[in-house]
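Listed below, chain by chain, are the residues.
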Amino acid sequence: MSLRSAGIPRWILAATLVTAVVVAAVAVRFGLSPVLPAFCYLAVAGVPLAFIDARQHRLPDVITLPSYPASLLLLGVAALFVPGGPGLFVHALIGMAVAVAFFALLLLLSPTGIGLGDVKLAGPLGAYLGWLGAAAFVTGLMAAWLLAALTAVGLLVTRRATRKSEIPFGPFLVAGTLGAVLASGFVGAHFA
């Protein structure tokens, strides 16, 4: 019996495959280091959230909210074992706070522009980007906006969307964050 004949939807199979590939890329990026579990959690939680938001236009609290203590716990433990760890953890806390505040402000200014799920997702993503430094933080968020804009333009040009269409932002937040995390390995262990 194949997985498809077992009634598993294709998008779940795709999400599982992409998650495995991203976890492998994260493992190559960080190697056997104390931060590996934290960044693997980012992949394991983030990729399925991106797929769910793309399909259902929602970011379930059952994944986003536990990601706050999970990310802080995993990064906090890693901070005990890496040089400069306490400072990196402070950067993660700042990244989390700034990301949530920024997205909450965006939600207040333009409630139709992003959703509350995006605000909730921004916190843990901001923690991971903050751990990597200010440049990674800005790069990850800017990459999300750029990817969303390019996708929107592509959808408009191909007439698969209109100016009134709602496009979920969570997949772009996750992609921008993971892209910045993986790219930081090429630029250096610390973007800053």
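Scroll up to find the structure this text is about.
These figures come from a predicted structure and were not determined experimentally.

1. Focus on the overall build of the protein
And then number 1: In terms of regular secondary structure, the protein is built from eight helices and zero strands.
And then number 2: A globule of 192 residues ought to have a C-alpha radius of gyration of about 16 Å, and the protein, at 17 Å, matches this closely.
And then number 3: With the C-alpha coordinates of the protein rotated into their principal frame, the extents come out at 50 × 50 × 30 Å.
And then number 4: Counting only residues that meet the buried cut, the protein has 39% of its 192 residues in that class.

2. Here we look at unusual backbone geometry
And then number 1: Located in the positive-phi region is H57, a residue other than glycine, with phi close to 55°.
And then number 2: Considering the arrangement of structural elements, one finds H57 in the loop between α2 (36-56) and α3 (61-64).
And then number 3: One non-glycine residue with positive phi stands out, namely R159, at about 60°.

3. Regarding the packing of aromatic side chains
Any pair of aromatic rings gets described here by the distance separating the centres and the angle formed by the planes.
And then number 1: Applying the stated criterion across every chain, the model contains seven aromatic pairs.
And then number 2: Each ring, one from F103 and one from W145, has its centre 6.2 Å from the other, and the planes form 10°; the classification is stacked. With F103 in helix α5 (residues 85-109) and W145 in helix α7 (residues 134-157), this pair connects stretches of sequence that are 42 residues apart.
And then number 3: Judged by its relative accessible area of 0%, F103 falls in the buried class.
And then number 4: In textbook terms, an aromatic cluster arises when at least three aromatic residues are bridged by ring pairs, as seen for F102, F103, W145, F169 and F172.

4. Quick look at the packing of α2 against helix α4 (residues 67-79)
In a packed pair of helices, the relevant descriptors are the angle between the two axes and the axis-to-axis distance.
And then number 1: As a packed pair, α2 and α4 sit with axes 8 Å apart at the nearest point and diverge in direction by 155°. Our classification of the angle between α2 and α4 gives roughly antiparallel. For the pair formed by α2 and α4, the contact residues are P37, A38, F39, Y41 and A45 on the first element and S67, A70, L74 and L75 on the second.
And then number 2: Residue composition of the contact of α2 with α4, by class: eight nonpolar, one polar and no charged.

5. With respect to the nonpolar core
And then number 1: Membership of the largest hydrophobic core comes to 44 residues, with the highest contact counts inside it found for V26, F39, L75, F103, W131, F169 and L173.
And then number 2: Looking at this core, the elements with two or more residues in it are α1 (10-30), α2, α4, α5, α6 (116-132), α7 and α8 (170-187).
And then number 3: The residues touching L75, leaving out its near neighbours within four places in the chain, are A38, F39, F89, A92, A127, Y128 and W131.

6. So, a nonpolar patch on the surface
And then number 1: A contiguous nonpolar surface patch, about 460 Å² in accessible area, is contributed by L73, V77, L80 and F81.
And then number 2: The topology assignment puts V77 in helix α4.
And then number 3: Using a relative accessible area of 41% as the deciding quantity, one classes V77 as partly exposed.

7. Some details on the pattern of salt bridges
And then number 1: By the definition in use, this model includes one salt bridge.
And then number 2: Across the pair K120 and D61 runs a salt bridge whose closest N-O atoms are separated by 2.7 Å. You can see K120 sitting in helix α6 and its partner D61 sitting in helix α3, a full 59 residues away along the chain.

What counts and what doesn't
Residues numbered from 1 in each chain as written. Predicted model: local features only at pLDDT ≥ 70, side-chain atom pairs only at ≥ 80, totals over all residues. Heavy atoms only, no water. Helix = DSSP H or I, 4+ residues; strand = E, 2+ residues; numbered from the N terminus. Rg over C-alpha atoms; globule rule 2.2 N^0.38 Å. Buried < 20%, exposed > 50% of the residue type's maximum accessible area, 1.4 Å probe, protein only. Phe/Tyr/Trp six-rings, centres within 6.5 Å; stacked < 30°, edge-to-face > 60°. Axes fitted to C-alpha atoms, helices over the stretch in contact; angles between N-to-C directions. Parallel < 35°, antiparallel > 145°, perpendicular 65-115°, else oblique. Contact = heavy atoms within 4.5 Å. Nonpolar A, V, L, I, M, F, W, Y, C, P; charged D, E, K, R; others polar. Core = buried A, V, L, I, M, F, W, Y, C linked by side-chain atoms within 4.5 Å. Patch = residues over 30% accessible without salt bridge, like charges linked within 9 Å, V, L, I, M, F, W, Y side chains within 5 Å. Areas by Shrake-Rupley, 256 points an atom, 1.4 Å probe, with all protein chains shown as cover. Salt bridge = Lys/Arg side-chain N within 4 Å of Asp/Glu carboxyl O.

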